Each structure stands twice: as C-alpha cells, then as structure tokens.
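Below are the chains, spelled out letter by letter.
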Amino acid sequence: MNKKELIKAITVHEKTDVNKQQAETMLNVLINIIKDALLNDDNLALKGFGTFTIHHLAERKGHNPRTGDVITIAACRKPVFNE
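Everything numeric in this text was worked out from a predicted model, so none of it was measured. Each residue is numbered by its place in its chain's sequence as written, counting from 1. With the structure being a predicted model, the display of local features is reserved for residues of pLDDT at least 70 and the display and counting of side-chain atom pairs for 80 or more, all residues being used for whole-chain, interface and lining totals. The side-chain figures draw on all heavy atoms in the structure; neither hydrogens nor water molecules are used.

Draft legend 1. Just the nonpolar core, in detail. In terms of nonpolar packing, the biggest core is built from 5 residues, these being Ile 34, Leu 38, Leu 44, Phe 52 and Ile 54. By definition, residues are in contact when any of their heavy atoms lie within 4.5 Å. Excluding residues that lie within four positions of it along the chain, Phe 52 makes contacts with Ile 34, Leu 38, Asp 42, Asn 43, Leu 44, Leu 46, Val 80 and Phe 81. Here, nonpolar core means buried Ala, Val, Leu, Ile, Met, Phe, Trp, Tyr and Cys residues that are tied together by side-chain atoms lying within 4.5 Å of each other. Residue burial is assigned from relative accessible area. The probe radius is 1.4 Å, only protein chains are included, and a residue is buried under 20% of its type maximum, exposed over 50%, and partly exposed in between.

And the structure:
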C-alpha cells in the first residue's frame, strides 16, 4: 500500500468521516511528528502498533564491489521500526 492508497483507505473506513484532503493532512501531520521525533533522537512508541527508534551506526570499512577497493563508510543515523 502506498501513501495515496492509505489516504483513500482512511476516507472510506467506516469509523472516519473525513474527506480526502483532511485525511491527507492528518497523515502528513503524523509523518512529520514521527520525523521530528526521530531527528531529535526521541523514540516514538505506539502501544499495540510498534516503536520508531534511531540506531547510530559507527564509521566502518567496506569494499567497493566494482573495484574491490577498501572504502570508509561514514557514520550515520538509521531510522528503525520495531513491532
């Protein structure tokens, strides 16, 4: 299911009384709240659904698959969802 299909599912669900524009706004707000929490290194736990967290990956060595050269992969933050 993609975002457009999710918005449609929200509008036709029997427990909602919202139009497409309202559903899209609510979904965008939810996505932005999750993004903001993760950007601030906060975990977001939704009981009965799952938890969004950030994993910090250290700088590490890797290999270029084309040339076989050793490369340095920069440290990064990775969003993770756990049920």
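Draft legend 2. The arrangement of unusual backbone geometry in detail. The backbone of Asp 41 shows a phi angle near 60°, a positive value even though the residue is not glycine. Under the DSSP-based scheme used, a helix requires at least four consecutive residues in state H or I and a strand at least two consecutive residues in state E, with every element numbered from the N terminus. As for its position among the elements, Asp 41 is in the loop between α2 (20–39) and β1 (44–46).

Draft legend 3. Seen up close, the pairing of strand β4 (residues 70–73). Note: strand β3 (residues 60–63) against β4, 4 bridges, orientation antiparallel. For Lys 61, the partnering residue across the bridge sits in β4 and is Thr 72. Between the end of β3 and the start of β4, which pair antiparallel, lie 6 residues, with Gly 68 showing a positive phi angle near 85°. What makes two strands pair is DSSP finding at least two bridges between them.

These figures capture arrangement, not role.
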